Amino acid sequence: MLISLSGVLMPGPLFAVTLQKSVKSKIAGVLIALGHGVVEFPLMVLIYFLLSQFVIPIWVQITVGLIGGAMMMFMGVRAFKNRNQQNSVSENLKRDSFFSGIWTTAVNAGFILWWLTIGTALVLNAQLFGVVGFGIFAGVHWSIDFLWYSLVGVFIFKSQRFLTHRVQYGITLFCVGVFLLFGAYFIGSALMLVFTLM
């Protein structure tokens, strides 16, 4: 629980997209957390049954870093371009929040690398208690994500009367900055791994 909490409380791309979407919908955080789970649960199962048996090659880490970093930067540019667009159809907004949770998680190199390193160690620990232990671990880990992003979403939505156009613009710029910085960091980390191999 503590390791999961320390990870989820760190501001990152999923937190940024939750801020961005929650300005317009109080359930955006819930939907983003559900989308996050769509990627996270299969990854946990894959690690439990397969990946924990192998050492992750360094070229996999490099590939994840480069592709994930590039996609993260693309998301930042796209968020900036769409900063003035209004979403008038609530169903589109709901669907957009859910898929944003999936998309942001899937291209987050930090998320993937965390699961291939720290996450794999946690899964190996859970394996000591069998499938039931793993199920409890997976449920607790995702529940923390779900509660955090749901609370953030409701808080941002309820605070709308304080969210002037300038504040909303600031939130958008913060989100764009997070995407670009994390993207650059992932690419830089991957390139450093390349240089260590040379």
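Residues numbered from 1 in each chain as written. Predicted model: local features only at pLDDT ≥ 70, side-chain atom pairs only at ≥ 80, totals over all residues. Heavy atoms only, no water.

How would you summarise the overall build of the protein chain if you had to cite specific residues and measurements?
In terms of helices and strands, the protein chain carries eight helices and zero strands. The helix and strand sequence of the protein chain, counted from the amino end, reads α-α-α-α-α-α-α-α. Within the span of the protein chain, comprising 198 residues, buried residues form 41% of the whole. For the protein chain, the accessible surface area stands at approximately 10,900 Å², while carbon and sulfur atoms represent 74% of it. (Helix = DSSP H or I, 4+ residues; strand = E, 2+ residues; numbered from the N terminus. Buried < 20%, exposed > 50% of the residue type's maximum accessible area, 1.4 Å probe, protein only. Areas by Shrake-Rupley, 256 points an atom, 1.4 Å probe, with all protein chains shown as cover.)

How would you sum up the side chain of His141? Please name residues and give values.
If you trace the backbone, His141 turns up in helix 7 (residues 130–158). Contact partners of His141, with chain neighbours within four places excluded, come to Ser4, Glu40, Trp114 and Trp115. (Contact = heavy atoms within 4.5 Å.)

An account of the pattern of salt bridges is requested, with residue identities and associated values reported.
The full count for this structure, using the stated rule, is one salt bridge. A salt bridge links Asp96 to Lys21; the nearest nitrogen and oxygen atoms lie 2.4 Å apart. With a gap of 75 residues between them, Asp96 in helix 5 (residues 90–106) and Lys21 in helix 2 (residues 13–22) connect regions that are remote in the sequence. (Salt bridge = Lys/Arg side-chain N within 4 Å of Asp/Glu carboxyl O.)

Break down the packing of helix 4 (residues 58–81) against helix 6 (residues 109–127) for me, with residues and values.
Helix 6 packs onto helix 4 with a crossing angle of 155 degrees between their chain directions and a minimal axis gap of 8 Å. Here helix 6 runs roughly antiparallel to helix 4, going by the angle between their axes. Residue-level contacts link Gln61, Val64, Gly65, Gly68 and Gly69 of helix 4 to Ala109, Ile112 and Leu113 of helix 6. For the contact of helix 4 with helix 6, a count of residues per class yields four nonpolar, four polar and no charged. (Axes fitted to C-alpha atoms, helices over the stretch in contact; angles between N-to-C directions. Parallel < 35°, antiparallel > 145°, perpendicular 65-115°, else oblique. Nonpolar A, V, L, I, M, F, W, Y, C, P; charged D, E, K, R; others polar.)

Describe helix 8 (residues 165–197), with residues and values.
An α-helical segment advances 3.6 residues per turn. Residues three or four places apart therefore align on the same side. Its 33 residues give helix 8 an end-to-end C-alpha distance of 48 Å, which sits within 8% of 48 Å, the value for a rise of 1.5 Å per residue. If you check which residues of helix 8 are buried, you get Ile171, Thr172, Cys175, Val176, Val178, Phe179, Gly183, Phe186 and Ala190. (Expected span 1.5 Å × (residues − 1).)

I'd love a proper account of the packing of aromatic side chains, names of residues and values included.
This model, assessed by the stated rule, comprises ten aromatic pairs. Seen in terms of ring centroids, Phe15 and Trp148 are 6.3 Å apart; in terms of plane orientation they differ by 15 degrees. Their pairing is stacked. Linking Phe15 in helix 2 with Trp148 in helix 7, this pair joins segments that are 133 residues apart in sequence. When its relative accessible area of 16% is taken as the criterion, Phe15 is described as buried. The partly exposed category is assigned to Trp148, whose relative accessible area is 27%. Measuring from centroid to centroid gives 6.2 Å for Trp115 and Phe137, while their planes differ by 75 degrees, and the two rings are edge-to-face. Note that Trp115 is positioned in helix 6 and Phe137 in helix 7, a separation of 22 residues in sequence. The class of Trp115 is buried, set by a relative accessible area of 1%. Three or more aromatic residues link up through ring pairs in this structure, and these residues are Tyr48, Phe49, Trp115, Phe134 and Phe137. (Phe/Tyr/Trp six-rings, centres within 6.5 Å; stacked < 30°, edge-to-face > 60°.)

Before we move on, can you summarise the nonpolar core with the specific residues and values?
In terms of nonpolar packing, the biggest core is built from 39 residues, with Leu19, Trp115, Val123, Phe134 and Phe137 touching the most fellow members. Elements supplying a minimum of two residues to this core: helix 2, helix 3 (28–49), helix 4, helix 6, helix 7 and helix 8. With eight residues, helix 6 is the single largest residue contributor to this core. Discounting chain neighbours no more than four positions away, the residues touching Trp115 are Glu40, Leu43, Met44, Ile47, Thr120, Val123, Phe137 and His141. (Core = buried A, V, L, I, M, F, W, Y, C linked by side-chain atoms within 4.5 Å.)

Tell me what's going on with the packing of helix 6 against helix 7, and back it up with residues and numbers.
Two elements in contact, helix 6 and helix 7, have axes separated by 8 Å at closest approach and are oriented at 135 degrees. With respect to helix 7, the element helix 6 is oriented oblique. Here the hand of the crossing between helix 6 and helix 7 comes out right-handed. Where helix 6 abuts helix 7, its residues Trp114, Trp115, Leu122, Val123, Ala126 and Gln127 lie against Gly130, Gly133, Phe134, Phe137 and His141. Class assignment of the residues belonging to the contact of helix 6 with helix 7 gives a composition of seven nonpolar, four polar and no charged. (Left-handed = near helix turned anticlockwise from the far one by under 90°.)

Lay out the confidence of the model for the protein chain in plain terms, naming residues and giving numbers.
Per-chain confidence: the protein chain averages 81 in pLDDT, with 87% of residues scoring 70 or above. The lowest-confidence element of the protein chain is helix 1 (residues 2–8), averaging 70 in pLDDT; the highest-confidence one is helix 3, averaging 92. (pLDDT = per-residue confidence, 0-100.)

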